[in-house]
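# What the coordinates show
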Amino acid sequence: MKQLLLVAALASSATLLAQHNTKLRDDSWKKHYRATPEKINNLVHTKIEASFDYDKQYLNGKVWLTITPQFDAVDSLLLDAKGMNIHQVNLVAGTVTKPLNYSYDSSVIRIKLNKTYTRTEKYTVYVAYTAKPNELKVQGSSAITDAKGLYFINPKGEEKDKPTQVWTQGETEATSVWCPTIDRPNQKTTQETILTVPAKYVTLSNGVLVSSKPNKDGSRTDTWKMDLPHAPYLFFMGVGDYAVIKDSYKGKEVSYYVEKDYANVARKIFGETPAMMAYFSKLTGVEYPWSKYSQMTARDYVSGAMENTTATLHSDAAQQNARQLVDANDWEDVVSHELFHHWFGDLVTAESWSNLTVNESFANYSELLWREFKYGKENAHLKNHEDMQGYLGSRSEAKDLVRFYYKDKEDMFDAVSYNKGGRILHMLRNYVGDSAFFASINNYLTTNKFKAGEAHHVRLAFEEVTGKDLNWFFNQWYFGAGNPKLNFTYGYNAAAKMATISVKQTQTGDKVFQLPLAVDVYVNGTKTRHNVWVTSKTDSFSFPAATEPNAIYADADRILLAEIVENLTPAQQAFMYKNGNALARLNAVEAAAELENGAEILAAAITDKNNTIRRTALQTLAGSPLTEAVENTVVKIANTDVDRRVRASAIKVLKETGKKQYQALYEKAVLDSSYAVAGAALLALAEVDEKKALELLPTLKKDAKGALNQATQRLDILTKTDADFDEVFNGFTKASLQDKFQNAPVFISYLNNITTTANFKKAVDAATAFNKMAGNFSPEYADAMKKEMRKIIGKKEAAAQNSANKDALLEQAAYLTEKLK
């Protein structure tokens, strides 16, 4: 599962938010130990027949479950089946079918078997049922916004420009909304899925398509077979009007199911998949184990993407047109993440949601591994830094990576399981070395393939390969919470000719982290690396240095999952920018705003070889006074940089100058094939000639996505009033998750245009509810949105001073003030 924060998927209704807040106030979960689900019966094989009632949004199903007892003999069976109508429950033995006694409470079918079965026996139970997902009362989470398992998208074709689709989402335990099963992650079963659908649609399910037969009524029946066992939450059905683009890997089908408008760019979005399959097979030492690999997009998807075995489902945000792809393929990380799950998650599956790290931390780390292979170590190091900041900003210090106490299983899908876990794997790789790291994950995969795993299995696999006792590492990082906060102080003892570093752990509490620390000492421009261990709240180290070092740089490759106070002088920061690696250069750029020589560092950094550093430097420079030389360089970058997003950042810098002399540049750039460049140019043009910018809106809105869409909306909102309230309000509240995240600033700016108090309060409720949920995964994002809303308060209060509508404006300001508390 890839959540987007980019996005974290967010619940969109006030009702769900109220339920969520009620749960937060209930602390009873802190006493509820989340044990691995007990295995009494084991799934062996699942055969599903399904057809769809599009009018009622029902699934009419039949399922045959072949089961064997775990150890003790059994005379009963419990099946998860949420919100269904159960028509029949029978025992099937060859050609003989016998009704079984059962009870059903809308959640679990309790079945009395015809006899007692031992662990050497198998039995098959048949259930005929109707699944009614839209009638089921369920609650999602901030990672997966709904849990009804089966989704009908535009089933009657009533929504213009939206395709009709059916798709499923099983994780965490929602497969049992559309298929009776033992819906636990530590179950494994082979599978046969038989789907009867309108002949105009294509289907996708787990395994390979073994037959496709037309029916006399205009429907078609497709049969998919999955010969290798996997967990029920990985079951998948997808139906719709798709273009299917075929690729291959070592004779296995690789395919991309996209809406037909995106058929010509499908390979640009997903085309690295065969290369990823080859690389991950080589890296893990385990050849891609499954019979095929398909990827499908879905409208109104409830999360980012899902690693259904052999049939990954992606949000329609994956579908980027040619102009978007000019800027970058923003979905490449997601493609690698979901594919790597086919080793970590599908081949070996977390035995409980408490151990989600063995799925999601590895998948998160695969994004770095692919970048390292495709784009080089510098890119990978910056990815590690980006994901580390994602965790450090999540305010999740109190959460263990392996958590046996949580409010709801959905809560495990957070920055700890993803970002923190991925960084812990990076530290483990650094500690044991590359060869041992990849040999160890091979050991984990081969030892536990087609089984369920937990963090201790990972530890044992690493210990067997490396010969090291790793309990200290796993106790500290997997079964403990928090992260170190380090304060580095550097010095030089001229008499002793020794460079010194003092390391203080400043995190609250008594916990002391054991940390391997790489320290680079630069003397006369030459770097010498020293490796030491931090084991106390305060440690000091000394290293030979013939003369005073140019700089001392600890945690030189930024391996440690830690908040670091560097205490470098401005001169040392400048030295590290010129001589350090990408992370040191980025650190210097990020610190530049507070340095007396920051302008000097930024002047160099805007032409850095790394596009992330160039872009960061330009973002830092925006709004600052520019020398003539720097301004000329920015103009050149805006016109010619090879990276379109860097060009866009340069245009934003020029926009802040307010100079009309760049209008011609903006007018040319607004027609650029890059949405990022065109969007930045449109906003810049509006600063110097708003009338001209508004004249261009009708044309630009015909093809506006990404940054250009945001720019057109920001300008368009200037023209919106109370008369447009329903359009603007519904456009925001009914938007996809990705669009909602991107467009929240536009919606918030619209608050300033609303004069009707009832409308204002309704819009504020929507904006603050969304922002509160967004804060679960990105406090920085939520804080930025609150800052924008506080500006609205100021504007309302200022407008009230000279308005006949004074009381209403002050009431609106007071209401928003209260909602932000």
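Here goes a summary of the coordinates provided. These numbers were taken from a predicted model, which means no experiment stands behind them.

What counts, and where the lines are drawn
Residues numbered from 1 in each chain as written. Predicted model: local features only at pLDDT ≥ 70, side-chain atom pairs only at ≥ 80, totals over all residues. Heavy atoms only, no water. Helix = DSSP H or I, 4+ residues; strand = E, 2+ residues; numbered from the N terminus. Buried < 20%, exposed > 50% of the residue type's maximum accessible area, 1.4 Å probe, protein only. Contact = heavy atoms within 4.5 Å. Lys, Arg positive; Asp, Glu negative; His and termini not counted. Charge placed at Lys NZ, Arg CZ, Asp CG, Glu CD. Pairing = 2+ DSSP bridges. Axes fitted to C-alpha atoms, helices over the stretch in contact; angles between N-to-C directions. Core = buried A, V, L, I, M, F, W, Y, C linked by side-chain atoms within 4.5 Å. Parallel < 35°, antiparallel > 145°, perpendicular 65-115°, else oblique. Nonpolar A, V, L, I, M, F, W, Y, C, P; charged D, E, K, R; others polar. Salt bridge = Lys/Arg side-chain N within 4 Å of Asp/Glu carboxyl O. Left-handed = near helix turned anticlockwise from the far one by under 90°. Polar contact = N/O pair within 3.5 Å; in protein donor to acceptor, adjacent residues only side chain to side chain. Phe/Tyr/Trp six-rings, centres within 6.5 Å; stacked < 30°, edge-to-face > 60°.

Further remarks concern the overall build of the protein chain. A tally of helices and strands in the protein chain yields 26 helices and 29 strands. For the protein chain, with 821 residues in total, the buried portion stands at 57%. Considering only contacts in the protein chain between residues 6 or more positions apart, those separated by 24 or more positions represent 70%. Computed over 99 positive and 96 negative side-chain charges, the separation of the two mean positions in the protein chain equals 2 Å.

Attention now moves to the sheet that holds strand 1 (residues 41–53). With mixed pairing, 8 strands are arranged side by side in an open sheet as 5-4-8-2-1-11-14-13. Among the strands making up the open sheet, the edge pair consists of strand 5 (96–99) and strand 13 (208–214). Each neighbouring strand pair of the sheet contributes to a mean axis angle of 20 degrees, computed without reference to strand direction.

This part is about unusual backbone geometry. Across the junction of Glu171 and Thr172, the peptide omega takes the value 10 degrees, indicating a cis bond. Structurally, the position occupied by Thr172 is in the loop between strand 10 (165–168) and strand 11 (189–198). Even without glycine at this site, Arg395 takes up a positive phi of about 55 degrees. Relative to the helices and strands, Arg395 resides in the loop between helix 7 (377–392) and helix 8 (416–432). Its identity is not glycine, yet Asp555 carries a phi of approximately 50 degrees, on the positive side. Note that Asp555 resides in the loop between strand 28 (551–554) and strand 29 (563–565).

Before going further, it helps to spend a moment on the sheet that holds strand 19 (residues 305–306). Strand order in the open sheet formed by 5 strands is 16-17-18-20-19, with mixed pairing between adjacent strands. The open sheet terminates on both sides in strands that have one partner only, identified here as strand 16 (243–249) and strand 19. With 4 bridges connecting them, strand 17 (residues 252–258) and strand 18 (residues 293–298) associate as parallel partners. Bridge assignment links Ser255 to a residue of strand 18, and that residue is Ser294. Helix 3 (residues 273–284) contacts strand 16, strand 17 and strand 18 of the sheet and is inclined by roughly 35 degrees relative to strand 16.

Once that is clear, we can look at the nonpolar core. In this structure, Trp343, Trp477, Tyr478 and Leu517 are the most contacted members of the largest nonpolar core, which totals 98 residues. Setting aside anything within four residues of it in sequence, one finds Leu517 in contact with Phe488, Val503, His530, Asn531, Val532, Val534, Ala554, Asp555 and Leu560. Tyr577, Ile606, Leu621 and Ala650 belong to the second largest nonpolar core, which has 53 residues in total.

Okay, the pairing of strand 1 next. Of the pairings in the sheet, the one linking strand 1 to strand 2 (residues 58–69) comprises 12 bridges and is antiparallel in character. Across the sheet, residue Ile48 finds its bridge partner in strand 2, namely Val63. Where strand 1 hands over to strand 2, the hairpin turn is made up of 4 residues, of which Gln57 adopts a positive phi near 60 degrees. Here 7 bridges tie strand 1 to strand 11, and the two strands are oriented parallel to one another. Residue pairing in the sheet places Lys47 in a bridge with Glu192 of strand 11.

A word on the packing of helix 8 against helix 9 (residues 434–448). Each pair of packed helices can be described by the angle between their axes along with the distance between the axes. Remark: helix 8 packs on helix 9, axes separated minimally by 6 Å, with the N-to-C direction vectors making an angle of 120 degrees. Regarding the angle of helix 8 to helix 9, the classification is oblique. Contact with helix 8, carried on its side by Leu425, Leu428, Arg429 and Val432, involves Asp434, Ala436, Phe437 and Phe438 of helix 9 and no other residues of that element. A breakdown of the residues in the contact of helix 8 with helix 9 according to their chemical character gives 6 nonpolar, no polar and 2 charged.

Turning our attention to the pairing of strand 14 (residues 219–230). Pairing analysis gives 9 bridges linking strand 11 to strand 14, with the strands arranged antiparallel. Paired with Val197 across the bridge in strand 14 is Arg220. Relative to strand 14, strand 13 runs antiparallel, the two being bridged by 6 bridges. Within the sheet, the bridge partner assigned to Ser211 lies in strand 14 and is Thr223. Taken together, strand 13 and the strand that follows it, strand 14, pair antiparallel across an intervening segment of 4 residues, in which Gly218 is found at a positive phi of about 90 degrees.

Turning to the pattern of salt bridges, a few remarks are in order. Inspection of every chain in the model, using the stated rule, returns 47 salt bridges. Between Lys659 and Glu631 there is a salt bridge; the shortest N-O distance is 2.9 Å. Residue Lys659 is found in the loop between helix 17 (644–657) and helix 18 (663–669), and its partner Glu631 is found in helix 16 (residues 628–640); the two are separated by 28 residues along the sequence. A relative accessible area of 32% places Lys659 in the partly exposed class. Here Lys720 and Glu727 are joined by a salt bridge, their closest N and O atoms 3.3 Å apart.

What follows concerns the packing of helix 5 (residues 332–340) against helix 6 (residues 357–375). Remark: helix 5 packs on helix 6, axes separated minimally by 8 Å, with the N-to-C direction vectors making an angle of 125 degrees. With respect to each other, helix 5 and helix 6 are oriented oblique. Relative to helix 6, the crossing made by helix 5 is right-handed. For the pair formed by helix 5 and helix 6, the contact residues are Glu332, Asp333, Ser336, His337 and Phe340 on the first element and Glu360, Phe362, Ala363, Asn364, Ser366, Glu367, Leu369, Trp370, Arg371, Lys374 and Tyr375 on the second.

Examined against the element boundaries, Ser176 turns out to sit in the loop between strand 10 and strand 11. Residue class for Ser176 comes out buried when judged on its relative accessible area of 0%. Of the polar contacts made by the side chain of Ser176, one reaches the side chain of Lys82; its length is 2.4 Å. Within the structure, Ser176 has its side chain in polar contact with the side chain of Asp183 (distance 2.7 Å). Here Ser176 is in contact with Asp80, Ala81, Lys82, Met84, Thr181 and Asp183, once residues within four sequence places are set aside.

Turning our eyes to something else, we now look at the environment of Pro698. Inspection of the secondary structure assignment puts Pro698 in helix 20 (residues 690–700). C-alpha of Pro698 to C-alpha of Val416: the two residues are 282 residues apart in sequence and 44 Å apart in space.

Before going further, it helps to examine the packing of aromatic side chains. Inspection of every chain in the model, using the stated rule, returns 47 aromatic pairs. Aromatic pair Tyr54 and Phe152: ring centres 6.0 Å apart, planes at 85 degrees, arrangement edge-to-face. With a gap of 98 residues between them, Tyr54 in the loop between strand 1 and strand 2 and Phe152 in strand 9 (residues 150–153) connect regions that are remote in the sequence. Each of the two residues, Tyr54 as well as Phe152, counts as buried. Ring geometry for Phe770 versus Tyr781: centroids 6.5 Å apart, planes at 75 degrees, classification edge-to-face. Of this pair, Phe770 sits in helix 24 (residues 757–774) while Tyr781 sits in helix 25 (residues 779–800), and the two are 11 residues apart along the sequence. Grouping residues by exposure puts Phe770 and Tyr781 together as buried.

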